[in-house]
Amino acid sequence: MQPQLHQATPGVVRFYNFLPPGDTFLADVLAGLALPQKAIPPKYFYDERGCRLFEAICELPEYYPTRTEMAIMRSHIAEMAQFAGPGAQLIEFGSGAGIKTRILIEAMQPPLYVPIEIARDTMEAASLQLAARFPWLNISGLCADYSHPFELPEFAGVPIQKKVVFFPGSTIGNFTREEALEFLRRVRRLAGTDGALLVGVDLKKDKKTLDAAYDDARGVTGAFNLNLLTRINRELGADFQVKRFRHKAFYDPVMGRIEMHIESLYSQFVHVAGKRFNFAPGETIHTEISCKYSVAEFQELGRKAGFSPVHVWTDPAQMFSVHGMIAI
Ligand code: AVI
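Rules of the game
- Numbering of residues starts from 1 in each chain and follows the order in which that chain's sequence is written.
- Note on the predicted model: pLDDT of at least 70 is required for a residue's local features to be given, and 80 or more for side-chain atom pairs to be given and counted; whole-chain, interface and lining totals, by contrast, use all residues.
- With hydrogens and water stripped out, all remaining heavy atoms of the structure feed into the side-chain values.
- Think of it this way: any DSSP run of H or I at least four residues long counts as a helix, any run of E at least two long counts as a strand, and we number them from the N terminus.
- Counting of polar contacts relies on pairs of N or O atoms within 3.5 Å, with two restrictions inside protein: one atom must be capable of donating a hydrogen and the other of accepting it, and residues adjacent in sequence are counted only when both atoms are side-chain atoms.
- Only buried residues count toward a nonpolar core. Its members are Ala, Val, Leu, Ile, Met, Phe, Trp, Tyr and Cys residues joined through side-chain atoms within 4.5 Å.
- Each residue gets one of three labels from its accessible area relative to the maximum for its type: buried under 20%, exposed over 50%, partly exposed in between, using a 1.4 Å probe on protein chains only.
- Should any heavy atoms of two residues lie within 4.5 Å, those residues are counted as being in contact.
- A single heavy atom is enough: if one lies within 4 Å of a molecule or strand, its residue is considered near that molecule or strand.
- Three residue categories are used. Nonpolar comprises Ala, Val, Leu, Ile, Met, Phe, Trp, Tyr, Cys and Pro, charged comprises Asp, Glu, Lys and Arg, and polar comprises the others, including Gly.

Undergrad: Any details on the environment of Q318? Residues and values, ideally.
TA: Along the chain, Q318 falls in the loop between strand 15 (307-314) and strand 16 (320-327). Remark: the alpha-carbon pair of Q318 and D202, spanning 116 residues in sequence, is separated by 9.4 Å. Within the local environment of Q318, its side chain forms a polar contact with the side chain of T314, the two groups lying 2.9 Å apart.

Laid out in structure tokens, this is it:
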């Protein structure tokens, strides 16, 4: 299929909707609750309150990834911009009004910035903040679910040397390893022959640190996880009694990943869109995984997807990594 051609104009912000029509939330919840291990995809965490709670998580003393990645970027931003090169179209998965995106844009000065994000309001607000900060920047935001394949449009009107994909925050960890490989292969196709990738990846470490990062003392991560039930009640007319469930998160060192669940405290049943779902005490809804990688493991994944690892930047305590890879 020919990619669509969209006009891009310096200093202008445009948004495009690439979401399929129809209500996938209801279908995904009904299908997920009917599984033997109940499961709901983590992309549904991010309603307005979910986004706010995630921001609060990023500030928690136990949740080291955000501040560590930020420190790595601050220390190596000149090298990162040099790696990205001049005149590159910057494509970001996830919505970036954060400092990471700002310092990368400042250092790289890309002629075109393309954020890709499922939550339209978040993306629009983030893009407008960036537009105010960088009035010369051309922003073409895509509202899309990047956990599924979609065709990136071509943009006319801005000369581009190459494409650089930025995927910070270790969001790649929220895919299984097979999904991550599949995703990186799509990124490789999208970036093209001269393309490059800058990706933030959380590193494997001791269980105590990881357990605390996903089950913090103040219960913010718990509120973030349980907010999914509140959202289902509000948007899908369900009758979850949120107090009858609890947050459960733990690091599985064999799988090398965090698992997050919502656990039923009692024997109970719940209705969603007229359908009844039974819960045994201790039964869980699996809501998220967060895979952790060694540097070598992630580089191998990149190679399998058609990238050549060129740089890896880490912090002195080896908590987090930012990889620079080029398409081969
Ligand atoms: C968005 N993502 C990278 C976060 C993570 O660390 O996996 C989501 C999160 N879930 C609980 N805390 C943070």
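Undergrad: Can you explain the nonpolar core? Please cite residues and give values.
TA: Residues F93, I116, I172, F183 and F298 are the most contacted members of the largest nonpolar core, which totals 36 residues. Those elements that provide at least two residues to this core are strand 4 (88-93), strand 5 (112-117), strand 8 (162-167), helix 6 (177-191), strand 9 (196-202), strand 14 (284-291), helix 9 (295-304) and strand 16. Top contributing element to this core by residue count: helix 6, with 7 residues. Here I116 is in contact with I91, E92, F93, G94, L142, A144, Y146, F150 and L152, once residues within four sequence places are set aside. With 35 residues, the next largest nonpolar core counts L33, L53, F224 and A238 among its residues.

Undergrad: If you had to explain the site of the ligand to someone new, which residues and values would you point to?
TA: Around the ligand sit 14 residues, and of these Y63, N174, Y214, E288 and S290 come closest. One of the side-chain nitrogen or oxygen atoms of N174 is found 2.9 Å away from an oxygen atom of the ligand. Within the side chain of Y214, a nitrogen or oxygen atom sits 2.5 Å from an oxygen atom of the ligand. Listed by contribution, the elements that provide at least two residues to the shell around the ligand are helix 2 (48-58), helix 8 (220-236) and strand 14. Within the shell around the ligand, the residues separate by chemical class into 7 nonpolar, 6 polar and 1 charged.

Undergrad: Give me the side chain of K38: which residues, what numbers.
TA: By secondary structure assignment, the location of K38 is in strand 3 (residues 38-39). Take K38: its relative accessible area is 6%, and that puts it in the buried class. At a separation of 2.9 Å, a polar atom in the side chain of K38 contacts the main-chain carbonyl oxygen of N278. Side chain to side chain, K38 and E283 meet in a polar contact 2.7 Å long. For K38, the residues in contact, after removing those within four places along its chain, are G32, L33, N278, F279, E283, T284, I285 and H286.

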